[in-house]
Amino acid sequence: MNATSSIKQNLYRLLNNFINNDHDDVKPVVEKKPKVYRNRIVVKDMRTIDEKPKAMKDNDFRPKKFEQIEGQKETIELLQIKIAAFRKTGTSIVHTLFLGPSGIGKTTFANVLANEMGVRFHQVMATKIKTDADLYNIIKNIEEGDVMFIDEIHALSDKIQEHLYGVMEDFTVSLEDKNLNTLVLHRIPRFTLIGATTHSGDLNAPLLSRFQLKVHLLPYNVQELKNMIITAGERIYDVTLPSEIAEKLARLSRRTARVAYNLLRSLMDIAEAQTPGKVTSSVLTMDLLFKMLKYEKIDPLVGLDVASRKYLVELIKESKVVRSTAYVEAVKPIPIGTKPLATLCNQQESTITGMIEPYLLSEIELAFWDNEQKLNKVEKSPFVRITKRGRIPLPSSVNYINICRSLQKQGWFVNESFNIKSE
């Protein structure tokens, strides 16, 4: 018997023994592939957010669905129509630009739009895109139908804005090949670009025209903000806020959702720190709310912060104030531009125009109380007006500063100066 025959016999014998023996305990080896969650957030312990126990849920105040958003009804209806068409045809929603003041919910709407479409959401700040390579590193990860969101899109340089023309129209991006000393054209999947801006005027006209859908988000009213606060309290903190507390927070929120949620978070932080057990509705009193406002240096009248009060004081200083009645101050205004005003306030000009002024230019409700804490008068007026020559203060701004001066004697606004007399 040669060596080859011997090897074959041994193999047959081994195979026969394996077949005749019991191998029930032998399990096939299956390669486990990681699950892919499309448009889901996966935490480090590999459980999705929805699977986490209640005590571990994050404190993200942003709604995830349109049905969770208060107000903006016309905008929601329009976007739902766009989503329905996308689901039927599979064609990406047109490029969209969200416009509105800071904190109004532009990022929330973009995120909810992607959630409702069931696609991936790519978010980036415009200030992070400085070169063509930066732009391509974001775009290269986009899949068909995805949403790319550029926040503060007006901050893009002119060169990057121009580079977006081809991206938005032809879904191509050109990159320089240094080895070949030429431009290489890369095709990308069709997707939806969403921009968010507080200054649409800073976008060049060709880029602005390529956003086929422009959505103006409006400031929220008190009732809408109150509903947001109550809903967030129940969903995140498992507590029902007293109606008067929720309404007071809403009135101090400067018509923006972000401010409302920040005030709620600050209130709950103090409540948690001072309560041994679970925070209940009875803990959330007006005294606690005022304590929080003092810590945060926010007035209990209309919700202005230190920077806004400093702005008003410096603006009024440039004008001549003449007392006319017990409640109303007459102002002989002297206009001042944003650059010198920013210098006086020690702020950037963009902060003045984008963060401080929008609310001061709107109609603000200022209440006057007598010594017995009875409502005496309610004044509705902007605090500031923009003219061709610059910003001027209105009488309501002087009344507001005078009330702040009175509150300062009661322990508010420590170390702030409310001297509005010209030096």
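The structure this text deals with has already been given above.
Residues numbered from 1 in each chain as written. Predicted model: local features only at pLDDT ≥ 70, side-chain atom pairs only at ≥ 80, totals over all residues. Heavy atoms only, no water.

Participant: What exactly am I supposed to notice about the overall build of the chain here?
Facilitator: Assigned secondary structure in the chain consists of 14 helices and 13 strands. Looking at the chain as a whole, 42% of its 423 residues qualify as buried. Taking the intrachain contacts of the chain between residues at least 6 apart in sequence as the baseline, contacts between residues at least 24 apart amount to 66%. (Helix = DSSP H or I, 4+ residues; strand = E, 2+ residues; numbered from the N terminus. Buried < 20%, exposed > 50% of the residue type's maximum accessible area, 1.4 Å probe, protein only. Contact = heavy atoms within 4.5 Å.)

Participant: Help me understand unusual backbone geometry, please; the structure alone is not making it clear to me.
Facilitator: A negative phi holds for most residues other than glycine; trans holds for most peptide bonds. With a phi angle near 50°, Glu152 is a residue other than glycine that sits in the positive phi range. Here Glu152 is to be found in the loop between β3 (147-151) and α5 (158-169). Its identity as a non-glycine residue notwithstanding, Asn346 has a phi of 60°, on the positive side. If you trace the backbone, Asn346 turns up in the loop between α12 (338-345) and α13 (349-360). Given a relative accessible area of 71%, Asn346 falls into the exposed group.

Participant: Sorry, what's going on with the environment of Thr75 here?
Facilitator: Mapped onto the elements of the fold, Thr75 is located in helix α2 (residues 73-89). Residues Thr75 and Val215, 140 residues apart in the sequence, show an inter-C-alpha distance of 7.1 Å. Leaving out residues up to four positions away in the same chain, Thr75 has contacts with Phe109, Val215, His216 and Leu217.

Participant: I would appreciate a short explanation of the packing of helix α11 (residues 306-317) against α12 in the present structure.
Facilitator: Working note: a packed helix pair is described by the angle between its axes plus the distance between those axes. For the pair α11 and α12, the least separation of the axes is 9 Å and the interaxial angle reads 120°. With respect to α12, the axis of α11 lies oblique. Our pair here, α11 against α12, has a crossing hand that is right-handed. In contact with Lys310, Tyr311, Glu314 and Leu315 of α11, α12 contributes Leu341, Leu344 and Cys345. (Axes fitted to C-alpha atoms, helices over the stretch in contact; angles between N-to-C directions. Parallel < 35°, antiparallel > 145°, perpendicular 65-115°, else oblique. Left-handed = near helix turned anticlockwise from the far one by under 90°.)

Participant: So what exactly am I meant to see when it comes to the pairing of strand β7 (residues 213-216) here?
Facilitator: Regular strands show a simple pattern: their side chains alternate between the two faces of the sheet. Only one face of β7 is buried, namely the one carrying Leu213 and Val215, since none of Lys214 and His216 on the opposite face is buried. Bridge count between strand β1 (residues 96-99) and β7: 4 bridges; the pairing is parallel. Looking at the pairing, Leu99 lines up with His216 of β7. (Pairing = 2+ DSSP bridges.)

Participant: Got a minute to help me understand the nonpolar core in this structure?
Facilitator: Nonpolar side chains in soluble globular proteins tend to be buried together. Counting 87 residues, the largest nonpolar core has Tyr311 and Phe383 as its most contacted members. Among the elements that make up this core, the one with the highest residue count is helix α9 (residues 257-274) (10 residues). By size, the runner-up hydrophobic cluster in this structure holds 26 residues, among which are Leu164, Tyr165, Phe191 and Leu203. (Core = buried A, V, L, I, M, F, W, Y, C linked by side-chain atoms within 4.5 Å.)

Participant: Would you explain the packing of aromatic side chains in this entry?
Facilitator: Note on aromatic pairs: each is described by the distance of the centres and the angle between the planes. Throughout the structure, instances matching the rule amount to 10 aromatic pairs. Between Phe61 and Tyr237, the aromatic rings sit 6.3 Å apart at their centres with planes inclined by 50°, giving tilted as the arrangement. Note that Phe61 is positioned in the loop between α1 (3-20) and α2 and Tyr237 in the loop between α7 (222-236) and α8 (243-251), a separation of 176 residues in sequence. Overall, the relative accessible area of 5% leaves Phe61 in the buried class. Judged by relative accessible area, Tyr237 falls into the buried class, the value being 18%. When the centroid spacing of 5.6 Å and the interplanar angle of 75° are considered together, the rings of Phe413 and Phe418 count as edge-to-face. The rings of Phe290, Trp412, Phe413 and Phe418 are connected pair by pair, giving a single aromatic cluster. If you follow Arg210 out to its NZ or CZ, it ends over the ring of Tyr165, 4.3 Å from the centre. (Phe/Tyr/Trp six-rings, centres within 6.5 Å; stacked < 30°, edge-to-face > 60°. Lys NZ or Arg CZ within 6 Å of the ring centre and 35° of its normal.)

Participant: What is the right way to look at the packing of α11 against helix α14 (residues 395-408) in this model?
Facilitator: In contact at an axis separation of 10 Å, α11 and α14 are set at 120° when each is read in the N-to-C sense. One way to sum up the angle between α11 and α14 is to call them oblique. Considering the relative orientation of α11 and α14, their crossing is left-handed. Together, Arg309, Leu312, Val313 and Ile316 of α11 and Ser397, Val398, Tyr400, Ile401 and Cys404 of α14 make up the contact between the two elements.

Participant: Please clarify how the pattern of salt bridges should be interpreted in this entry.
Facilitator: Any two side chains of opposite charge can pair, so long as their charged atoms come close to each other. Tallied over the entire structure, the rule returns 11 salt bridges. Arg309 is the salt-bridge partner of Glu416, the closest N and O atoms lying 2.6 Å from each other. Here Glu416 is found in the segment after α14, whereas its partner Arg309 is found in helix α11, with 107 residues between them in sequence. On the basis of relative accessibility, which here comes to 1%, the residue Arg309 falls in the buried class. A salt bridge links Glu357 to Arg391; the nearest nitrogen and oxygen atoms lie 2.8 Å apart. (Salt bridge = Lys/Arg side-chain N within 4 Å of Asp/Glu carboxyl O.)

Participant: Honestly, the sheet that holds β3 in this entry has me stumped. Any pointers?
Facilitator: What links the strands of a sheet is backbone hydrogen bonding, and the strands pair in either a parallel or an antiparallel sense. Spatial ordering of the open sheet is given by β2-β3-β6-β1-β7, a layout of 5 strands whose pairing is parallel. Both outer strands of the open sheet, β2 (121-125) and β7, are each paired with one neighbouring strand and no more. The sheet shows a mean angle of 20° between the axes of neighbouring strands, direction not considered. Pairing of β2 with β3, which is carried by 5 bridges, proceeds in the parallel orientation. Residue pairing in the sheet places Gln123 in a bridge with Phe149 of β3.

Participant: Can you help me understand α5 in this one?
Facilitator: Every α-helical turn comprises 3.6 residues, leaving residues that sit three or four positions apart pointing alike. Between the first and last C-alpha of α5 there are 17 Å, a value that for 12 residues agrees with the 16 Å anticipated at 1.5 Å per step. By the burial criterion, the buried members of α5 are Ile160, Gln161, His163, Leu164, Tyr165, Val167 and Met168. Downstream of α5 by one or two residues, Phe171 has phi in the positive range, about 55°. (Expected span 1.5 Å × (residues − 1).)

Participant: Would you explain the side chain of Glu379 in this entry?
Facilitator: Note on placement: Glu379 falls in strand β11 (residues 375-381). In terms of polar contacts, Glu379 uses its side chain to reach the side chain of Asn399, at 3.4 Å. (Polar contact = N/O pair within 3.5 Å; in protein donor to acceptor, adjacent residues only side chain to side chain.)

Participant: Would you mind going over the side chain of Glu224 with me for this structure?
Facilitator: Checked against the element boundaries, Glu224 lands in helix α7. Of the side chains bearing the opposite charge, Lys73 lies closest to the buried Glu224, which forms no salt bridge; the N-O distance is 7.0 Å. Apart from residues lying up to four places away in sequence, Glu224 is in contact with Glu70 and Gly71. (Lys, Arg positive; Asp, Glu negative; His and termini not counted.)

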